[in-house]
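So you can see what is in the structure, the chains are spelled out below.
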Amino acid sequence: MKFNLMHHNRVTVCLAAMVGLINFANVVRADVEEPGDLTFNAHNAIESCIITVTWDKDASSLSPQVIDALLISSGVWPKAFEEQFGDGKSGALNHMMVRLETLDISESRHIGDAKLVTLVARLVVEISTENRKDDRAKTKALLKRICDLLQESMLEFSETSIRGQHERKAQLNEELDRARTDVHRILSERQAFLDQNDSTELDIERITQELRGYERQRAKYEVDRSVSNARREAMEEQIARLTKKTKTEPVETNVLDQMRKIVKIKQEALQHLENMVQAGRASSGELNKMRVEVAMAEADLARAEDDARQQHASRMREAGGDFVIQMNHELTQMAIDDADKEAKHKATIEMIAKLKNALKVAEQYEQMGGHRLDIARDRLEDVQRNLAELEHRIATTVRPKMTIVGMK
């Protein structure tokens, strides 16, 4: 993580300090470059040391350029110089300079897979004044002070980066709360929708497949019903034709009509004789005789009617009556089968309507979550992953460390 604004501010301060120092040095050089000046042959006091600086590449934006900028910033080189030599306005200083010479830079792995960068550089301080002996001691102290201030400056710069990491952690925690809230809201809305619609099956593909199966059944039932209707109409037409044919010779005959008339006459005579017996004008013997005659006449009529029906049935069979009977039986069975098919067709229609409603509910349920829920969950996982990585980075951050290898 890089803090460009902080880097920009520090570089600006460094450049301003460096420009001030250069102008100050130029003024000093202008004084000593005049012909005949007694300090023209002054000696330089040069001190140097080898330093190694190690920092966490992922946790800090340190670099040789940044370290060089920190070196010449107001808090390091100018501060150390002023502590040892004052503000430089006495005119005793002829030359002053500090530089950092990079000797080597490398990367290595650390615990937690952190990338450590190690810079090996030479830190050189050069001062030229009239008082060589005193300035030699001051220059050595100046070098030591520069090293101390540089290390403090790098640590401060690193802490700025670490504070930025903690600020980023706070932001991620806020994002995590929002992501969890979004997922919870979508799930709550979907559950409320389920409770309202009392649906258990929400798989759109499964509902669609089941709906197609019932629609195929409905089509089959409708075809079967059309075929059955056509067959029934044909059979009823045949039955009507054969029935009409068999009715050309009725069961009734003239003999039966005469016998019915005789029976009726005898029944009326019996009734008249019963009245006479009650009036005392006829004997009971005559009444009984008449009853026998009536019974015999009725029996003869019954036998004649039965014989006529049998003869008629025989004629009907000869004219296709058995086929009519068979077709009537088949029509009865067809009516039973059609009733069963009609019930199944009605149940299929109801199931199709139910599945269509379930499909509509499932589609609305998918719209309430579905892609939105996937996005919300992915976002939650991303934030959780980024937060875990940042927390691990904070826990394993290696702060910059500077070691002085040697001084001359």
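Calculation criteria
Each residue is numbered by its place in its chain's sequence as written, counting from 1. The predicted nature of this model means local features are confined to residues of pLDDT at least 70 and side-chain atom pairs, given and counted, to a pLDDT of 80 or more, with totals for whole chains, interfaces and linings taken over all residues. With hydrogens and water excluded, all non-hydrogen atoms of the structure serve as input to the side-chain values. Secondary structure elements follow DSSP: runs of H or I of four or more residues count as helices, runs of E of two or more count as strands, with numbering from the N terminus. The cut-offs for exposure are 20% and 50% of the maximum accessible area for each residue type, with area from a 1.4 Å probe on protein chains only; residues under the lower value are buried, those over the upper are exposed, and the others partly exposed. Contacts between residues were defined by any pair of non-hydrogen atoms, one from each residue, lying within 4.5 Å. Under the convention used here, a 1.4 Å probe and the Shrake-Rupley method define accessible areas, while residue burial counts only the protein chains that appear. For salt bridges, the criterion is a side-chain nitrogen of Lys or Arg within 4 Å of an Asp or Glu carboxyl oxygen. In protein, a polar contact requires one atom able to donate a hydrogen and another able to accept it; more generally it is a pair of N or O atoms within 3.5 Å, and residues adjacent in sequence count only if both atoms are side-chain atoms. Stacked, tilted and edge-to-face pairs are distinguished by plane angle, under 30 degrees for stacked and over 60 for edge-to-face with tilted covering the rest, among Phe, Tyr and Trp rings (Trp via its six-membered ring) whose centres lie within 6.5 Å. We call a set of buried residues a nonpolar core when its members are Ala, Val, Leu, Ile, Met, Phe, Trp, Tyr or Cys and they connect through side-chain atoms within 4.5 Å of each other. By definition here, a helix of n residues has an expected span of 1.5 Å times n minus one. Picture the helix axis, draw a direction to every C-beta atom, and the arc is the one those directions span. What pLDDT conveys is the predictor's confidence in a given residue, as a value from 0 to 100. When two cysteine sulfur atoms lie within 2.5 Å, the pair is treated as a disulfide.

A. Examining the overall build of the protein more closely. Looking only at helices and strands, the protein features nine helices and four strands. Walking the protein from its N terminus toward its C terminus, one meets helices and strands in the order α-β-α-α-β-β-α-α-α-α-α-α-β. Across the 408 residues in the protein, those meeting the buried criterion constitute 33%. Excluding contacts between residues fewer than 6 apart, the proportion of contacts in the protein whose partners are at least 24 apart in sequence is 84%. For the protein, the computed accessible surface area is about 25200 Å², with 52% contributed by carbon and sulfur atoms.

B. Layout of the pattern of salt bridges. With the rule as written, the count across this model stands at 17 salt bridges. Between Glu175 and Arg168 there is a salt bridge, and its shortest N-O distance comes to 3.5 Å. Where Glu274 meets Arg291, a salt bridge forms, and the shortest distance between an N and an O atom there is 3.6 Å. Note that Glu274 is positioned in helix α6 (residues 254-279) and Arg291 in helix α7 (residues 284-318), a separation of 17 residues in sequence. Classification of Glu274 by relative accessible area gives partly exposed; the value is 22%.

C. Focus on the side chain of Ser228. The residue Ser228 is located in helix α5 (residues 204-246) in this model. Accessibility expressed as a relative area gives 8% for Ser228, which makes it buried. Here Asp338 takes part through its side chain, which lies 2.7 Å from a polar atom of the side chain of Ser228. For Ser228, the residues in contact, after removing those within four places along its chain, are Met334 and Asp338.

D. Layout of the packing of aromatic side chains. Under the defined criterion, the tally for this structure stands at one aromatic pair. Taken together, a centroid distance of 5.4 Å and an interplanar angle of 50 degrees make the contact between Trp77 and Phe81 tilted. In this pair, Trp77 and Phe81 are both assigned in helix α3 (residues 77-85), four residues apart and thus about one turn of the helix distant. Residue Trp77 is classed as buried on the basis of its relative accessible area, which comes to 3%.

E. Focus on the nonpolar core. Counting residues in each nonpolar core, the largest one holds 33 residues, and the members touching the most others are Ile51, Ile67, Trp77, Leu123, Leu142, Ile146 and Leu150. Counting only elements with at least two residues in this core, the list comes to β1 (44-56), α2 (64-71), α3, β2 (93-109), β3 (115-129) and α4 (132-197). Among the elements that line this core, the one with the most residues is α4, at eight residues. Non-local contacts of Ile146, meaning those with residues more than four positions away in its chain, are made with Leu71, Val76, Trp77, Ala80, Val98, Leu123 and Val125. The next biggest cluster of nonpolar side chains, apart from the first, holds twelve residues, and it includes Leu172, Val383, Leu390 and Ile394.

F. Inspection of α6 at higher detail. Spanning 26 residues, α6 covers 38 Å between terminal C-alpha atoms, matching the ideal 38 Å at 1.5 Å per step. What α6 keeps buried is the set Leu256, Met259, Val263, Leu270 and Leu273. A positive phi of about 85 degrees marks Gly280, the residue just after α6.

G. A look at α3. Taken residue by residue, α3 has Trp77, Pro78, Ala80, Phe81 and Phe85 as its buried positions. Down the axis of α3, the smallest arc covering the buried residues is 165 degrees, so these residues share one side. At the exit of α3 stands Gly86, carrying a positive phi of roughly 80 degrees.

H. Layout of the confidence of the model for the protein. Averaged over every residue, the pLDDT of the protein is 75; residues scoring 70 or more account for 74%. When mean pLDDT is taken per element in the protein, α2 scores highest with 91 and helix α1 (residues 4-32) scores lowest with 36. The low-confidence segment residues 1-41 (pLDDT under 50) makes 47 contacts with residues lying over four places distant or belonging to another chain.

I. Expanded view of the environment of Gln151. Checked against the element boundaries, Gln151 lands in helix α4. Using a relative accessible area of 27% as the deciding quantity, one classes Gln151 as partly exposed. Taking the C-alpha atoms as reference points, Gln151 and Leu70, 81 residues apart in sequence, are found 9.6 Å from one another.

J. Here's a closer look at the state of the cysteines. All told, the structure shown has zero disulfides when counted by the stated rule. No disulfide involves Cys49; its sulfur sits 3.8 Å from that of Cys147, the nearest cysteine. Judged by its relative accessible area of 1%, Cys147 is buried.

K. Examining the environment of Lys144 more closely. Relative to the elements of secondary structure, Lys144 occurs in helix α4. When its relative accessible area of 40% is taken as the criterion, Lys144 is described as partly exposed. For the pair Lys144 and Glu47, spaced 97 residues apart in the sequence, the C-alpha separation amounts to 9.7 Å.

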